[in-house]
Amino acid sequence: MLPAPRQGRPAAVDRPAQPLAQSLLQRAGDLQRLPLRFEQVLQGRRLGLMSVTPDGEDAQLFLRAARGLGAYVALIAPPEPGDGAQQLDDIGRLLGRLYEAVECQGLGAAVVDQLAAAGNLPVFDGLAGASHGLAKLAGDWVDPAPLAQRRCWLVQAMLLATLL
(Lines give C-alpha, C1' and ligand atoms only; values in the text may rest on other atoms or scores of the structure.)
Protein backbone atom coordinates (compact mmCIF):
# COMPACT_ATOMS: atom_id res chain seq x y z
CA MET A 1 0.00 0.00 0.00
CA LEU A 2 1.18 3.51 -0.80
CA PRO A 3 -0.46 5.81 1.70
CA ALA A 4 -0.73 9.40 0.64
CA PRO A 5 0.65 12.01 3.00
CA ARG A 6 -1.89 13.30 5.44
CA GLN A 7 -2.64 16.97 4.90
CA GLY A 8 -5.16 19.10 6.70
CA ARG A 9 -7.69 16.34 7.00
CA PRO A 10 -6.35 12.79 7.38
CA ALA A 11 -6.05 11.00 4.08
CA ALA A 12 -6.99 7.42 3.38
CA VAL A 13 -4.20 4.98 4.06
CA ASP A 14 -4.52 2.53 1.24
CA ARG A 15 -2.87 1.86 -2.07
CA PRO A 16 -3.37 4.71 -4.51
CA ALA A 17 -4.67 4.13 -7.96
CA GLN A 18 -2.32 2.41 -10.37
CA PRO A 19 -1.65 5.68 -12.22
CA LEU A 20 0.02 7.14 -9.09
CA ALA A 21 2.29 4.11 -8.72
CA GLN A 22 3.19 4.35 -12.41
CA SER A 23 3.83 8.09 -12.08
CA LEU A 24 6.13 7.49 -9.10
CA LEU A 25 8.01 4.77 -10.96
CA GLN A 26 8.42 7.05 -13.98
CA ARG A 27 9.72 9.92 -11.81
CA ALA A 28 12.04 7.52 -9.96
CA GLY A 29 13.39 6.38 -13.32
CA ASP A 30 14.02 10.01 -14.24
CA LEU A 31 15.89 10.49 -10.96
CA GLN A 32 17.98 7.43 -11.80
CA ARG A 33 18.82 8.52 -15.34
CA LEU A 34 19.16 12.28 -14.81
CA PRO A 35 20.38 12.81 -11.22
CA LEU A 36 21.91 16.25 -11.88
CA ARG A 37 18.58 17.58 -13.15
CA PHE A 38 17.03 17.04 -9.72
CA GLU A 39 20.06 17.71 -7.51
CA GLN A 40 18.86 21.03 -6.05
CA VAL A 41 15.19 21.03 -7.02
CA LEU A 42 14.11 21.31 -3.36
CA GLN A 43 16.79 23.81 -2.39
CA GLY A 44 15.42 26.21 0.20
CA ARG A 45 12.64 23.81 1.20
CA ARG A 46 12.44 22.90 4.89
CA LEU A 47 11.38 19.40 5.83
CA GLY A 48 11.16 17.80 9.23
CA LEU A 49 11.98 14.27 10.34
CA MET A 50 10.25 13.16 13.54
CA SER A 51 11.57 9.71 14.36
CA VAL A 52 11.83 7.57 17.48
CA THR A 53 15.07 6.17 15.96
CA PRO A 54 16.78 9.09 14.19
CA ASP A 55 19.93 7.03 13.67
CA GLY A 56 18.00 4.11 12.20
CA GLU A 57 18.11 2.90 8.62
CA ASP A 58 14.71 4.35 7.68
CA ALA A 59 15.56 7.80 9.06
CA GLN A 60 18.89 7.77 7.25
CA LEU A 61 17.14 6.80 4.01
CA PHE A 62 14.76 9.75 4.34
CA LEU A 63 17.64 12.12 5.10
CA ARG A 64 19.61 10.88 2.09
CA ALA A 65 16.60 11.18 -0.21
CA ALA A 66 15.55 14.67 0.88
CA ARG A 67 19.06 16.09 1.08
CA GLY A 68 19.83 14.55 -2.30
CA LEU A 69 17.17 16.86 -3.73
CA GLY A 70 18.65 19.87 -1.93
CA ALA A 71 16.14 20.10 0.94
CA TYR A 72 17.08 21.10 4.47
CA VAL A 73 15.93 18.43 6.94
CA ALA A 74 15.56 19.17 10.64
CA LEU A 75 15.49 16.35 13.18
CA ILE A 76 12.51 16.83 15.49
CA ALA A 77 11.96 15.07 18.79
CA PRO A 78 8.70 13.08 18.70
CA PRO A 79 5.86 13.96 21.07
CA GLU A 80 5.91 12.39 24.50
CA PRO A 81 3.59 9.38 24.89
CA GLY A 82 1.54 11.25 27.49
CA ASP A 83 0.95 14.34 25.35
CA GLY A 84 -2.73 15.07 25.08
CA ALA A 85 -4.79 16.31 22.16
CA GLN A 86 -4.09 19.98 22.91
CA GLN A 87 -0.33 19.45 23.01
CA LEU A 88 -0.45 17.53 19.71
CA ASP A 89 -2.50 20.31 18.13
CA ASP A 90 0.06 22.87 19.34
CA ILE A 91 2.92 20.79 17.96
CA GLY A 92 1.09 20.34 14.65
CA ARG A 93 0.49 24.07 14.28
CA LEU A 94 4.14 24.78 15.02
CA LEU A 95 5.23 22.19 12.46
CA GLY A 96 2.96 23.85 9.90
CA ARG A 97 4.69 27.19 10.47
CA LEU A 98 8.21 25.81 10.31
CA TYR A 99 8.17 23.10 7.64
CA GLU A 100 6.70 22.31 4.25
CA ALA A 101 6.36 18.60 5.05
CA VAL A 102 7.21 16.22 7.89
CA GLU A 103 8.17 12.54 7.87
CA CYS A 104 7.03 10.68 11.00
CA GLN A 105 8.60 7.35 11.87
CA GLY A 106 7.52 5.11 14.70
CA LEU A 107 4.54 7.23 15.76
CA GLY A 108 1.01 5.95 15.85
CA ALA A 109 -1.32 6.69 12.96
CA ALA A 110 -3.64 8.69 15.22
CA VAL A 111 -0.75 10.96 16.26
CA VAL A 112 0.31 11.46 12.64
CA ASP A 113 -3.27 12.26 11.63
CA GLN A 114 -3.64 14.80 14.44
CA LEU A 115 -0.34 16.52 13.62
CA ALA A 116 -1.33 16.76 9.95
CA ALA A 117 -4.77 18.11 10.72
CA ALA A 118 -3.51 20.74 13.15
CA GLY A 119 -0.54 21.77 11.02
CA ASN A 120 -2.25 21.75 7.64
CA LEU A 121 0.87 20.37 5.95
CA PRO A 122 1.82 17.07 4.33
CA VAL A 123 2.78 14.58 7.04
CA PHE A 124 4.16 11.22 5.92
CA ASP A 125 3.72 8.14 8.07
CA GLY A 126 6.92 6.14 7.61
CA LEU A 127 7.45 7.09 3.95
CA ALA A 128 11.01 5.76 4.03
CA GLY A 129 10.11 2.74 6.14
CA ALA A 130 10.70 -0.84 5.08
CA SER A 131 7.02 -1.63 5.64
CA HIS A 132 5.70 1.33 3.62
CA GLY A 133 4.12 0.73 0.24
CA LEU A 134 7.02 2.48 -1.48
CA ALA A 135 9.39 -0.21 -0.20
CA LYS A 136 7.10 -2.87 -1.64
CA LEU A 137 6.95 -0.99 -4.94
CA ALA A 138 10.76 -0.76 -4.94
CA GLY A 139 10.92 -4.52 -4.45
CA ASP A 140 8.66 -5.05 -7.46
CA TRP A 141 10.64 -2.60 -9.60
CA VAL A 142 12.81 -4.67 -11.93
CA ASP A 143 16.11 -2.83 -12.04
CA PRO A 144 19.71 -3.86 -11.37
CA ALA A 145 20.23 -1.04 -8.84
CA PRO A 146 20.38 -2.09 -5.17
CA LEU A 147 17.04 -2.16 -3.36
CA ALA A 148 18.10 0.64 -0.99
CA GLN A 149 18.82 2.91 -3.96
CA ARG A 150 15.47 2.09 -5.61
CA ARG A 151 13.72 2.91 -2.32
CA CYS A 152 15.59 6.22 -2.16
CA TRP A 153 14.53 7.18 -5.70
CA LEU A 154 10.90 6.35 -4.89
CA VAL A 155 10.98 8.42 -1.68
CA GLN A 156 12.39 11.27 -3.74
CA ALA A 157 9.67 10.78 -6.35
CA MET A 158 6.98 11.01 -3.65
CA LEU A 159 8.57 14.14 -2.18
CA LEU A 160 8.60 15.77 -5.60
CA ALA A 161 5.02 14.73 -6.30
CA THR A 162 3.91 16.20 -2.99
CA LEU A 163 5.96 19.39 -2.86
CA LEU A 164 6.13 20.55 -6.48
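Please refer to the structure placed before this passage.
Procedures and definitions
- Residues numbered from 1 in each chain as written.
- Predicted model: local features only at pLDDT ≥ 70, side-chain atom pairs only at ≥ 80, totals over all residues.
- Heavy atoms only, no water.
- Disulfide = S-S within 2.5 Å.
- Buried < 20%, exposed > 50% of the residue type's maximum accessible area, 1.4 Å probe, protein only.
- Axes fitted to C-alpha atoms, helices over the stretch in contact; angles between N-to-C directions.
- Helix = DSSP H or I, 4+ residues; strand = E, 2+ residues; numbered from the N terminus.
- Parallel < 35°, antiparallel > 145°, perpendicular 65-115°, else oblique.
- Left-handed = near helix turned anticlockwise from the far one by under 90°.
- Contact = heavy atoms within 4.5 Å.
- Nonpolar A, V, L, I, M, F, W, Y, C, P; charged D, E, K, R; others polar.

A. Region of the structure containing the state of the cysteines. By the definition in use, this model includes zero disulfides. Of all cysteine sulfurs in the structure, the one in Cys-152 sits closest to Cys-104, which takes part in no disulfide; the separation is 19 Å. With relative accessibility at 4%, the residue Cys-152 sits in the buried group.

B. Expanded view of the packing of helix H6 (residues 133-140) against helix H7 (residues 147-163). For the pair H6 and H7, interaxial distance at closest approach is 9 Å and the crossing angle is 125°. In terms of orientation, H6 and H7 fall into the oblique class. For the pair H6 and H7, the sense of crossing is right-handed. On the side of H6, the interface is formed by Leu-134, Ala-135, Leu-137, Ala-138 and Gly-139, while H7 contributes Leu-147, Arg-150, Arg-151, Leu-154, Val-155 and Met-158. When the residues that make up the contact of H6 with H7 are grouped by side-chain class, the tally is eight nonpolar, one polar and two charged.

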